[in-house]
Amino acid sequence: MDLFEYQGKLFFSRYGIPISAGEVAFTVDEAVAAAERLGCPVVVKAQVLTGGRGKAGGVKVANSVDEVRTHAGNILGLDIKGHVVGRLWIEQASDIAREYYASFTLDRSAKQHLGMLSAQGGVDIEEVAATDPDAIAKIHVDPVEGLTEARCREWVAAANLDPEAVQGAVDILVKLYEAYVDGDADLCEINPLILTTDGVVKALDAKVTVDANAVFRHPDYEEYDAIQHRDERETAAHDKGLQYVGLDGTVGIIANGAGLAMSTVDIVSQVGGTPANFLDIGGGANADVMAGALEVINNDPKVQSIFINIFGGITKGEEVANGIIAALGRVQIDAPIVIRLDGTNAELGRELLQPHLSETLQMQPTMIEAARTAVALAEGTK
Ligand code: GDP
Ligand code: MN
């Protein structure tokens, strides 16, 4: 789950990372009142779940309350890459001497955390990576060992920050690592991390993504769930507790287990089709879950065929088959369905499905044959 900048900053500050004083505002009047309390100059900042706000006109310095009124009026309602601004963060303006970049994220292939630090901040880090990769100092942190201050100091030295920023950067990065691990984050990014003209290092921006599966450990993360940018299909699936990601294609996909669901997306593409979604129904393929999944996919107007790909593990084949049969009795599905059922008690499950098969409910023995059939049906060639 992605956090708004101000939520990320408040998250950082709980771990002792310095940020500027600020307040959230939903209206122009609230922005003005906040500026009066904070004292001008302030920065009026659009709160949207996307980057590049500055370039889009969503970050403005205001030297007076009148300017706050103007900027807040212009920024509220602004469309930034499809995200309409509904709230602002008003913070005391900083005098910036230098802008740096700092982040922690997971390097899956290295099976370690990856820290990135650069003296070239404030701009897109992807751009720095492309034009001047040596300007990014990287560090891999073993999750068991953690990040010691000594190692952090070496890392900061490698990034060639200005000497007066070094101590502040080391302090912040040690805390940022702690926030990243303790907060179950997938990403903690500060761009820019600034050195002010009076020698203070602080986080001027915050991009934080926390793992939605860790909400049970952080009940206060519930508030982040409400702000996620989901399309209609994703909202419907989310309400049913399904792991769903909307895509643009025509073959609806239902699979059990995230790995199989991803493989199903891949194989549909491999045989020339376009997946409409990723949908993992999890372990238990019972009638309720199956009916919910079918409903979500059926409501997607682009879907021309549905590929149900189930590998019975703990869930037995006959339970899956009964789940599918019961679900089909409850929801009216428009697109033809192709089933591939394998794994524990697959034969029993297939036997149960056999009498229900028709033009619009087909079964194939293998994943690739089922994918080919689903794609052909989506294209109207079968
Ligand atoms: P982003 O464009 O979405 O990444 O938003 P940022 O929060 O990073 O702000 C964009 C840019 O606005 C920063 O890189 C700064 O150059 C500028 N900016 C933000 N806050 C301040 C501030 O307090 N003072 C000054 N002078 N500039 C600021
Ligand atoms: Mn930024």
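Scroll up to find the structure this text is about.
Now for a quick tour of the structure. Note that the structure is a prediction, hence the values are computed from the model and not measured.

**Things to note about the packing of helix 10 (residues 287-298) against helix 11 (residues 317-330)**
Two numbers describe a pair of packed helices, the interaxial angle and the distance between the axes.
(1) Moving on: At a minimum axis distance of 8 Å, the contact between helix 10 and helix 11 shows a crossing angle of 50°. One finds that helix 10 runs oblique with respect to helix 11. Considering only the axes of helix 10 and helix 11, their crossing is right-handed. For the pair helix 10 and helix 11, the contacting residues are Ala287, Asp288, Met290, Ala291 and Leu294 in the first and Gly323, Ile324, Ala326, Ala327, Leu328 and Arg330 in the second.
(2) Moving on: Class assignment of the residues belonging to the contact of helix 10 with helix 11 gives a composition of eight nonpolar, one polar and two charged.

**What to know about the coordination of the manganese ion (ligand 2)**
(1) Moving on: Those donors, Asn191 (O) and Asp205 (OD), are the protein atoms that reach the manganese ion (ligand 2), and they lie 2.2 Å from it. In this pair, Asn191 is assigned in strand 10 (residues 185-196) and Asp205 in the loop between strand 11 (201-203) and strand 12 (207-210), connecting sequence segments 14 residues apart. Comparing Asn191 with Asp205 shows no difference in burial state: the two are buried.

**Re the pattern of salt bridges**
(1) Moving on: A full pass over the atoms with the stated rule returns 17 salt bridges.
(2) Moving on: Of the charged contacts in the structure, one is a salt bridge between Glu5 and Arg53, with a shortest N-O distance of 2.7 Å. With Glu5 in helix 1 (residues 5-14) and Arg53 in the loop between strand 2 (42-46) and strand 3 (59-62), this residue pair connects regions lying 48 residues apart in the sequence.
(3) Moving on: Judged by relative accessible area, which is 7%, Arg53 ranks as buried.
(4) Moving on: Note that Asp162 is salt-bridged to Arg98, the shortest N-O span being 2.7 Å. Pair noted here: Asp162 is in the loop between helix 5 (149-158) and helix 6 (166-182) and Arg98 is in strand 7 (residues 96-107), with a separation of 64 residues, a long-range link.
(5) Moving on: The exposure class of Arg98 is partly exposed, given its relative accessible area of 33%.

Each value, and the rule that gives it
- Residues numbered from 1 in each chain as written.
- Chains lettered and ligands numbered in written order.
- Predicted model: local features only at pLDDT ≥ 70, side-chain atom pairs only at ≥ 80, totals over all residues.
- Heavy atoms only, no water.
- Axes fitted to C-alpha atoms, helices over the stretch in contact; angles between N-to-C directions.
- Helix = DSSP H or I, 4+ residues; strand = E, 2+ residues; numbered from the N terminus.
- Parallel < 35°, antiparallel > 145°, perpendicular 65-115°, else oblique.
- Left-handed = near helix turned anticlockwise from the far one by under 90°.
- Contact = heavy atoms within 4.5 Å.
- Nonpolar A, V, L, I, M, F, W, Y, C, P; charged D, E, K, R; others polar.
- Donors = N, O, S within 2.8 Å, 3.2 Å for Na, K, Ca; no water.
- Buried < 20%, exposed > 50% of the residue type's maximum accessible area, 1.4 Å probe, protein only.
- Salt bridge = Lys/Arg side-chain N within 4 Å of Asp/Glu carboxyl O.

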